[in-house]
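Reading the structure
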Amino acid sequence: MNEPQSVREERFAAERAARRRARKAARLDSRGAHIGAAAVTVVLLVLAWFGKPAALAVVGGVFLFWFAAALAWTYADGDHGRHALQRAYNITFGWGDAL
């Protein structure tokens, strides 16, 4: 289809806005994220138990950085407050669904 650039940009902007509204209205399922957070907690406790402070700092730091980056991304995407925190939590630990 050969539409003008301005029409295409307006259509893309409307699609992005619709996706953002749907994402904000959707209920977040954190079941997999809880599993992922529990797995990370177990790993951190095992590292602390066996006295591996360097590995503990690296693993904890990676997940802290990952969560901070996810939170910054959700804020940049227009989410604020509790919903932004929940989305960042799901982004960081949502891989727990695969366990």
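Above this text is the structure in question.
Residues numbered from 1 in each chain as written. Predicted model: local features only at pLDDT ≥ 70, side-chain atom pairs only at ≥ 80, totals over all residues. Heavy atoms only, no water.

Quick word on the overall build of the protein
- In terms of helices and strands, the protein carries four helices and zero strands.
- With respect to the principal axes defined by its C-alpha atoms, the protein has extents near 65 × 25 × 25 Å.
- By the burial criterion, 21% of the 99 residues in the protein qualify as buried.
- Summarising the internal contacts of the protein: among those between residues at least 6 apart in sequence, 59% fall at separations of at least 24.
- Put simply, the protein shows about 7000 Å² of open surface, and 67% of that area lies on carbon and sulfur atoms.
- Between the centroid of the 13 positive side chains of the protein and the centroid of its 8 negative side chains there is a distance of 6 Å. (Helix = DSSP H or I, 4+ residues; strand = E, 2+ residues; numbered from the N terminus. Buried < 20%, exposed > 50% of the residue type's maximum accessible area, 1.4 Å probe, protein only. Contact = heavy atoms within 4.5 Å. Areas by Shrake-Rupley, 256 points an atom, 1.4 Å probe, with all protein chains shown as cover. Lys, Arg positive; Asp, Glu negative; His and termini not counted. Charge placed at Lys NZ, Arg CZ, Asp CG, Glu CD.)

Some thoughts on the nonpolar core
- Membership of the largest hydrophobic core is limited to five residues, which are Ala33, Ala37, Val40, Phe63 and Phe93.
- Every residue in contact with Val40, bar those within four places of it in the chain, is listed here: Phe63, Phe93 and Trp95. (Core = buried A, V, L, I, M, F, W, Y, C linked by side-chain atoms within 4.5 Å.)

Quick notes on the pattern of salt bridges
- The full count for this structure, using the stated rule, is six salt bridges.
- Linking Glu3 and Arg8 is a salt bridge whose minimum nitrogen-to-oxygen distance equals 3.7 Å.
- For Arg8, a relative accessible area of 26% gives the class partly exposed.
- If you follow the salt bridges from partner to partner, you end up with Glu3, Arg8, Arg11 and Glu15 in one network. (Salt bridge = Lys/Arg side-chain N within 4 Å of Asp/Glu carboxyl O.)

A closer look at helix H4 (residues 81-93)
- Over its 13 residues, H4 extends 19 Å from the first C-alpha to the last, a length consistent with the 18 Å expected when each residue adds 1.5 Å.
- For H4, every residue scored as buried is listed here: His83, Ala84, Arg87, Ala88, Asn90, Thr92 and Phe93. (Expected span 1.5 Å × (residues − 1).)

Considerations on the packing of helix H3 (residues 53-76) against H4
- Between H3 and H4, the shortest axis-to-axis distance is 8 Å and the interhelical angle comes to 135°. It follows from the interaxial angle that H3 and H4 lie oblique. Judged by the sense of rotation from one axis to the other, the crossing of H3 with H4 is right-handed. Every residue of H4 that contacts H3 at Phe63, Trp66, Phe67, Ala70, Leu71, Trp73, Thr74 and Tyr75 is listed here: Gly81, Ala84, Leu85, Arg87, Ala88, Tyr89, Ile91, Thr92 and Phe93.
- Across the contact of H3 with H4, the residue classes tally to 13 nonpolar, three polar and one charged. (Axes fitted to C-alpha atoms, helices over the stretch in contact; angles between N-to-C directions. Parallel < 35°, antiparallel > 145°, perpendicular 65-115°, else oblique. Left-handed = near helix turned anticlockwise from the far one by under 90°. Nonpolar A, V, L, I, M, F, W, Y, C, P; charged D, E, K, R; others polar.)

Side note on the side chain of Asp77
- By the secondary structure assignment, Asp77 is in the loop between H3 and H4.
- In this structure Asp77 comes out as buried when scored by relative accessible area, which is 13%.
- Sequence-distant contacts of Asp77, that is, excluding residues within four places in its chain, are made with Arg20, Arg23 and Arg87.

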